[in-house]
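Listed below are the residues making up each chain.
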Amino acid sequence: MAAMVMTSEEVAHFEECYDAFAARERAIETFSDWTKAKFHDAVTTKLAFDGLNKDETNCSKQFRVLGIGSGSGEVDYMFLEQLVKKYSNISHISLERSDENIALFKSLVARGTIKGVTWEWKQIMWDHYWFGMVKSKDPRKFHFIHTVHNLIYIKDVAAAIMNMYELLAEGGVLLMIVVSEQSGTYNLRKKFPDLVDKDGLSNVSSAEIIEILQTHDIPFERIKQQSRVDITTCFQKGRKEGALLIDHLSRTMNFLKTASPRLVNDFMGYLKGPDCVEKEQQNILFVNDWEAIIVTK
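Residues numbered from 1 in each chain as written. Predicted model: local features only at pLDDT ≥ 70, side-chain atom pairs only at ≥ 80, totals over all residues. Heavy atoms only, no water.

- Under an unreviewed UniProt entry, the name given to the chain is Histamine N-methyltransferase, and the organism recorded is Holothuria leucospilota.

### As for helix 3 (residues 74–83)
Then, in step 1: Burial analysis of helix 3 places eight of its 10 residues in the buried class, the great majority of the element.
Then, in step 2: Among the residues of helix 3, those classed as buried are Val75, Asp76, Tyr77, Met78, Phe79, Leu80, Gln82 and Leu83. (Buried < 20%, exposed > 50% of the residue type's maximum accessible area, 1.4 Å probe, protein only. Helix = DSSP H or I, 4+ residues; strand = E, 2+ residues; numbered from the N terminus.)

### What about the sheet that holds strand 2 (residues 90–95)?
Then, in step 1: Judged by pairing direction, the sheet is mixed, and its seven strands sit side by side in the order 3-2-1-4-5-10-6 without closing on themselves. Only two strands of the sheet have a single neighbouring strand rather than two, namely strand 3 (117–122) and strand 6 (221–225). The average undirected angle you get between the axes of adjacent strands in this sheet is 15°.
Then, in step 2: Pairing geometry for strand 2 and strand 3, over six bridges, is parallel. Pairing of Ile93 across the sheet is with Glu120, part of strand 3.
Then, in step 3: With respect to the sheet, helix 3 is in contact with strand 1 (63–68), strand 2, strand 3, strand 4 (142–148) and strand 5 (168–179), its orientation differing from that of strand 4 by roughly 145°.
Then, in step 4: Set on the sheet, helix 6 (residues 157–167) makes contact with strand 1, strand 4, strand 5 and strand 10 (290–296); between it and strand 5 the angle comes to about 150°. (Pairing = 2+ DSSP bridges. Axes fitted to C-alpha atoms, helices over the stretch in contact; angles between N-to-C directions. Contact = heavy atoms within 4.5 Å.)

### Structural notes on the packing of aromatic side chains
Where two aromatic rings form a pair, the distance of their centres and the angle of their planes describe that pair.
Then, in step 1: For the coordinates displayed, the defined rule picks out 18 aromatic pairs.
Then, in step 2: Here Trp119 and Trp121 contribute two aromatic rings whose centre-to-centre distance is 6.2 Å and whose plane-to-plane angle is 10°, an arrangement assigned as stacked.
Then, in step 3: Since its relative accessible area comes to 22%, Trp121 is described here as partly exposed.
Then, in step 4: An aromatic cluster of three or more residues is present, and its members are Tyr77, Phe105, Trp119 and Trp121.
Then, in step 5: Here the guanidinium or amino end of Arg64 rests over the ring plane of Phe142, the centre of that ring lying 4.3 Å away.
Then, in step 6: The ring centre of Tyr165 lies 4.9 Å from the NZ or CZ of Lys297, which sits over that ring. (Phe/Tyr/Trp six-rings, centres within 6.5 Å; stacked < 30°, edge-to-face > 60°. Lys NZ or Arg CZ within 6 Å of the ring centre and 35° of its normal.)

This is the structure in structure tokens:
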């Protein structure tokens with residue numbers, strides 16, 4: 001099913017919904033903690049690059065990084081903060097479809113203190129970027145490729161992963177972060193596929209990624225990250241925040257008012273069940289676990 005084009009009003013609404021969910025999830029703080037605690041062992045120690053060690057001088061080679069679906073850049077920037085500890089000359093290319101997010105990313109870089117990185121932003125989706133690379137016969141490879149919660153926007157995930165692997169230089173690392181197959185996010189999309197299909201999204205989790213890698217005999221490591229989001233207000237009638245969280249989870253604007261009574265009842269009942277949430281005293285916590293899958297070439 002083709003994705004529907006959202007109006008500016010819908011885009012603004014879903015951005016508000018996402019902000020409400022992200023604030024509850026503490027997404028940036030979680031990624032910051034993960035990067036500081038896990039990135040070095042998961043990624044940096046696995047990189048085998050024959051140039052640009054921090055202590056070297058007169059280096060001509062660049063350590064090349066590709067961020068796929070970079071958003072407003074906070075996570076990309078965290079990764080670069082770790083990489084510049086080892087490499088002094090880095091090229092970073094960011095793929096992002098939103099011009100607003102690109103502007104935010106550029107502002108973040110302008111305020112930041114990272115040295116030794118050349119930045120390039122491309123307002124393009126992964127599929128179009130890959131097609132351009134193939135068409136131009138561009139021989140460049142990347143030493144580190146990362147995509148964080150972006151594979152859902154790619155219809156042929158298996159092909160995309162193999163193409164990313166092809167773009168990876170020998171000794172490089174591909175980092176893919178996706179929701180866990182045990183998360184409420186994945187279970188909701190699986191239970192109500194029409195809510196995903198209308199946006200043209202792929203319901204992809206760590207299970208699908210691992211199956212693709214195993215099919216092609218590509219070795220990998222996985223790191224699980226627990227995440228809980230308090231969605232108690234979803235079940236408190238009349239709460240604006242709760243309505244925003246429901247719209248985010250259902251991918252439907254004004255879901256409680258526009259969906260059929262039967263769908264609302266089924267959705268809310270499933271959302272409150274054990275496939276999606278845990279109970280903690282009086283609070284209802286949405287299970288939003290994700291995994292980092294690390295591939296070394």
